[in-house]
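As a plain string of letters, each chain reads:
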Amino acid sequence: MVSATQQLEVAAKALIPGGVNSATRNVGAPATFASAHGAYMTDVEGRRFTDYHAAFGAILLGHTDERVNDAITAAIRDMDLVGLGATELEVTAARMMVDAIPSVEMVITTMSGSEAVFQALRLARGATGRSRIVKFQGCFHGSYDAIARNVISPADRAYGWDPNSSGVLDDAMQHTHIAEFNDLESVEEIFRRYGDDIAAVILEPVPHNVGALLPEQAFLEGLRRITREHGSVLIFDEVITGFRHALGGYQELCGVTPDLTTFGKAMGNGYPVAGMGGSAELMSNFSSQGGSVMLAGTFNGNSVSMAAAIATIGALQDPELRVHEHLFRLGARMRAGLTEITTDLEIPAVVTGVGSVFVTYFLDGAVRGYRDLLRNDDDAYATFHRRMIDQGSYMYPMALKRNHISYAHTDADVDRTLEQAGDVLAAMAREGAFSAVRQHGRANV
Ligand SMILES: Cc1ncc(COP(=O)(O)O)c(C=O)c1O
């Protein structure tokens, strides 16, 4: 008898390459979901999972949030997309973003984080007349050619030549230099060689695409100083951290203000919307304001995206909801619980994260930059997540991938997940699944 999952998977694979519309969705069963509400998602077989994947961080308030869905339904009664001038919704959303994000005086909206990053890099190059970019090993900024390299690189390709894709001109990637996160000297070295030609330094202020590297304040301040001294554009890619860690993004928490900021994911709570903003001076280089940097996009500013952003940001601003307080409290509880479990079991682990994001690396010693993550026991990491899925807590089953808590998660969800994690990790410890022996209990909570 062919199950509902098998039927859907067979049809998807016949029609869509690999059966998925984004390669990282191909991580094995359960792979076909029928519904998602609040903190839970249900697959086509009717099995329910507590969702810590959160569509790679796009879900912040919880699935099918009524505030967001009702706002969209109301908006589309009046207009879908006209594609001329600006709508009331676009201006309202822009006002909210400008008010919320310290670095943003003017803003554009796009349909995806990749487009926002691409616009930011093109703007930086257009405004400075320079060609080179500095990015960090382990940071991911979407699919645009110039930054499609050096994300989760194996040891022999880290910091070297490690393209994410074929089909990209080498030249497009060779103008992008790779530095080590939290290591200012690695950035200074690139500036010593190419300083006059560096258009931009781009980073995830917390590199969540490799879990959670915690930025040192002196490092962020140092990047601000170096880019100012050399006339380069500092870009914070806050596609994950934006709105999730604070209304104004991580820059609000660290007090370092970049020249340009990109954001997306959580800002629409699951609906496609992203954006990019910065100083009015830099933003005036767009062709929409008579500058030379092209700005175009048929679907930019459509009613669904704008209504989703307005409703989501509105919920984050609502003092009665206290969204960030809830996210941070549950995140801290989860990290403290996982630290206790791994310490008691003497498993070599570093439990870390920020706010609603939590990560359990399986390694000994402190984590500062990508180099430290090369010591992570990738097999144990993926096995832990895979077995948590079997228990009913969906943690994306691939090494270095992070977990997200949403506003819809409750203390009871955290308690249940910690109980499951205790069982799973105890069983793995009994089986000798961890490659390193713990020397000291450490946690970067
Ligand atoms: C930090 C960061 N920037 C940019 C992107 C690209 O965003 P999108 O997938 O919406 O194109 C991602 C996606 O994961 C991301 O994590």
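Shown above is the structure to which this text applies.
Residues numbered from 1 in each chain as written. Predicted model: local features only at pLDDT ≥ 70, side-chain atom pairs only at ≥ 80, totals over all residues. Heavy atoms only, no water.

Draft legend 1. Examining the site of the ligand more closely. Near the ligand, the surroundings consist of Ser112, Gly113, Ser114, Phe140, His141, Gly142, Glu204, Asn209, Asp237, Val239, Ile240 and Lys265. Between the ligand and Asn209, the relevant distance is 3.0 Å, taken from an oxygen atom to a side-chain nitrogen or oxygen of the residue. Here an oxygen atom of the ligand sits 2.8 Å away from a polar atom, N or O, in the side chain of Lys265. In isolation the ligand offers 390 Å² of accessible surface; the protein chains occlude 81% of this area. When grouped by side-chain class, the residues that make up the shell around the ligand number three nonpolar, six polar and three charged. (Near = heavy atom within 4 Å. Polar contact = N/O pair within 3.5 Å; in protein donor to acceptor, adjacent residues only side chain to side chain. Areas by Shrake-Rupley, 256 points an atom, 1.4 Å probe, with all protein chains shown as cover. Nonpolar A, V, L, I, M, F, W, Y, C, P; charged D, E, K, R; others polar.)

Draft legend 2. Spatial organisation of the layout of surface pockets. In this structure, the second largest pocket encloses a volume near 700 Å³. Considering the residues around the second largest pocket, the lining is formed by 31 residues, among which Glu90, Val107, Ile108, Thr109 and Leu295 are closest to the centre. Those elements that place two or more of their residues in the lining of the second largest pocket are helix H4 (88-100) and strand S4 (106-110). In terms of residue count, H4 provides more of the lining of the second largest pocket than any other element does, five residues in total. Considering only residue class, the lining of the second largest pocket consists of 16 nonpolar, twelve polar and three charged. (1 Å grid on protein atoms, 1.4 Å probe; cavity = no way out; pocket = protein on both sides within 12 Å on 5 of 7 lines; lining within 4 Å. Points joined across faces, edges and corners; volume = space filled by probe spheres on them. Helix = DSSP H or I, 4+ residues; strand = E, 2+ residues; numbered from the N terminus.)

Draft legend 3. A look at the packing of helix H12 (residues 323-344) against helix H15 (residues 411-430). With their axes 10 Å apart at the nearest point, H12 and H15 run at an angle of 20 degrees to one another. When the axes of H12 and H15 are compared, the pair comes out roughly parallel. Here the hand of the crossing between H12 and H15 comes out right-handed. Residues Arg329, Leu330, Arg333, Met334, Gly337, Leu338, Ile341 and Thr342 of H12 form the contact with H15, whose participating residues are Asp411, Val414, Asp415, Thr417, Leu418, Ala421, Gly422 and Leu425. Looking at side-chain class alone, the contact of H12 with H15 contains eight nonpolar, four polar and four charged residues. (Axes fitted to C-alpha atoms, helices over the stretch in contact; angles between N-to-C directions. Parallel < 35°, antiparallel > 145°, perpendicular 65-115°, else oblique. Left-handed = near helix turned anticlockwise from the far one by under 90°. Contact = heavy atoms within 4.5 Å.)

Draft legend 4. Inspection of the environment of Arg192 at higher detail. If you trace the backbone, Arg192 turns up in helix H7 (residues 184-194). Judged by its relative accessible area of 58%, Arg192 is exposed. (Buried < 20%, exposed > 50% of the residue type's maximum accessible area, 1.4 Å probe, protein only.)

Draft legend 5. Just the packing of aromatic side chains, in detail. Considering all chains together, one arrives at 14 aromatic pairs under this definition. Aromatic side chains Phe33 and Phe49 sit 6.0 Å apart centroid to centroid with 75 degrees between the ring planes, which places their arrangement in the edge-to-face category. One end of the pair, Phe33, is in strand S1 (residues 33-37); the other, Phe49, is in strand S3 (residues 48-51), with 16 residues separating them in the sequence. Among the residues examined, Phe33 registers a relative accessible area of 31% and is labelled partly exposed. Clustering of aromatic rings is evident, with ring pairs tying together Tyr361, Phe362, Tyr381, Phe384 and Phe434. (Phe/Tyr/Trp six-rings, centres within 6.5 Å; stacked < 30°, edge-to-face > 60°.)

Draft legend 6. The nonpolar core, seen in detail. Core analysis: the largest hydrophobic core is formed by 60 residues, its most contacted members being Phe136, Leu203, Tyr361, Phe362 and Phe384. Take this core: its biggest share by element is six residues, from H15. The residue makeup of this core includes at least three contributed by each of domain 1 (4-64 + 322-444) and domain 2 (66-317). Grouped together as the second largest cluster of nonpolar side chains are 30 residues, Val107, Phe243, Ala311 and Ala315 included. (Core = buried A, V, L, I, M, F, W, Y, C linked by side-chain atoms within 4.5 Å. Domains from an automatic or database assignment.)

On their own, these measurements won't tell you what the molecule is for.
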